[in-house]
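# Breakdown of the fold
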Amino acid sequence: MPQTALVTGATSGIGAAFTHALARDGYDLVLVARDEGRLRAAAADLSERHGVATEVLAADLTDREASRAVEERLADAERPVDLLVNNAGMGLRGTFWETDLADQERMLALNCTAVLRLTHAALGAMVPRGRGGVITISSVAGFTPGARGAYSATKAWATVLTESLSTELVGTGVHASVIAPGFVHTEFHQRARLDMSRMPDRMWLDADDVVATALREHQAGKVVSVPGARYKAIVVASRLVPRSAARRVTAIVRRRAM
Ligand code: NAP
């Protein structure tokens, strides 16, 4: 039986790279994002290139009602989803106090509440079946205090949620992992109106490489994946130095980058 994966934010960047890697591995796909036209084009392209079955679910995951349709699809015992990829996420430009509160609440709804709700629906179906997996896309920003206000906090939450789940899931046949990339060339920064022109080339990762690491390490049973040697070193350092020192370094980097 072919396996089925549901990918949120499937039309661009890291999510699109997931859909191609999973289709190459023979997964049928359920694609979730807001733009239905773009979803349909992506689904047709994946079916044509890889010969897999595709479904589209157009939903704004910041909207609970719209998100419910995705939760119901994950919980459907007749059409099991074997892998959930919680990828859709957003960032914001500007300091915490300058950034519109409604936008910050929307970011929390997408980066945290949607991850909570979809993961809950997926695990409720997977655990009784005794198999399945959840991959959540967090960020290196979740390890570095103050890197980007509430965005860092949402990603820290996603990482810790997955680490907690991985301990609860021991012995169930279901595995949860989180991937924490650094900067990746996608539409993310443009959408958040972030000027990345001063970011050196060496700090950028490729979405396909990020996804290859995520899938390989998820299958190997790893819980937290950090793609790229440079970012691995940053995460190790952030865990070794006192939190106060990490905050000082982040403040210096931030001043230079602005
Ligand atoms: P991206 O290129 O901007 O893609 C975002 C995807 O999410 C699109 O398919 C978009 O489609 C969908 N989306 C956005 N808002 C949505 C909503 N409210 N409901 C449903 N779908 C929504 O971003 P990306 O860089 O690939 O980001 C993917 C994940 O990686 C995010 O969680 C991000 O935080 C994380 N990440 C990115 C970087 C980076 O440097 N790029 C670094 C670390 C972590 P629609 O607009 O059609 O909805």
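Let me sum up the structure you'll find in this document. On a predicted model such as this, the values are computed, not experimentally measured, just so you know. (Residues numbered from 1 in each chain as written. Predicted model: local features only at pLDDT ≥ 70, side-chain atom pairs only at ≥ 80, totals over all residues. Heavy atoms only, no water.)

### Digging into the overall build of the protein chain
Put simply, the test is: Under the scheme used here, helices are H or I runs from DSSP no shorter than 4 residues and strands are E runs no shorter than 2 residues, and both carry numbers assigned from the N terminus. Atoms counted for the radius of gyration: C-alpha only. Globule rule: 2.2 Å times residue count to the power 0.38. Categorising residues by exposure relies on relative accessible area from a 1.4 Å probe, with only protein chains included: less than 20% of the type maximum marks a residue as buried, more than 50% marks it as exposed, and the intermediate range marks it as partly exposed. The contact rule is simple, with two residues in contact once any of their heavy atoms fall within 4.5 Å. Surface exposure here means Shrake-Rupley accessible area, sampled with a 1.4 Å probe, where a residue is shielded only by the protein chains that are shown.
Scanning the protein chain for helices and strands turns up nine helices and nine strands. Relative to the 2.2 N^0.38 estimate, which gives 18 Å for 258 residues, the radius of gyration of the protein chain is 18 Å and therefore close to what a compact globule would have. Dimensions along the principal axes, computed over C-alpha positions, put the protein chain at roughly 55 × 40 × 35 Å. Taking all 258 residues of the protein chain together, 50% fall into the buried category. In the protein chain, once contacts between residues fewer than 6 apart in sequence are set aside, the share between residues at least 24 apart is 70%. For the protein chain, the accessible area works out to roughly 12,900 Å², and carbon and sulfur atoms hold 54% of it.

### Some words on helix 5 (residues 149–168)
Selection rule: Each helix should span, by expectation, one fewer than its residue count multiplied by 1.5 Å.
Counted at 1.5 Å a residue, the expected span for helix 5 with its 20 residues is 28 Å, and the 29 Å between its end C-alpha atoms agrees. Taken together, the buried positions of helix 5 are A150, Y151, S152, T154, K155, A158, T159, T162, L165 and S166. Here the buried face of helix 5 lies against helix 4 (101–129), strand 5 (132–137), strand 6 (174–179) and helix 6 (188–191).

### A look at the site of the ligand
Cut-off, in case you're wondering: Note on terminology: near, applied to a residue and a molecule or strand, indicates that one of the residue's heavy atoms is within 4 Å of it. Throughout this description, a polar contact denotes any pair of N or O atoms lying within 3.5 Å of each other; where both atoms belong to protein, one of them has to be capable of donating a hydrogen while the other can accept it, and for residues adjacent in sequence the pair is counted only when both atoms sit in side chains.
Taken together, 31 residues lie around the ligand, and T11, S12, R34, Y151 and T186 are the ones closest in. Between the ligand and the protein, one listed contact pairs an oxygen atom with a side-chain N or O atom of Y151 at 2.7 Å. In this structure, R191 approaches the ligand through a side-chain N or O atom, which is 2.7 Å from an oxygen atom. Alone, the ligand offers 890 Å² of accessible surface; in the complex the protein occludes 97% of this. When contributions to the shell around the ligand are tallied by element, the ones reaching two or more residues are helix 1 (13–24), helix 5, strand 7 (183–184) and helix 6. At three residues, helix 6 tops the list of elements feeding residues into the shell around the ligand.

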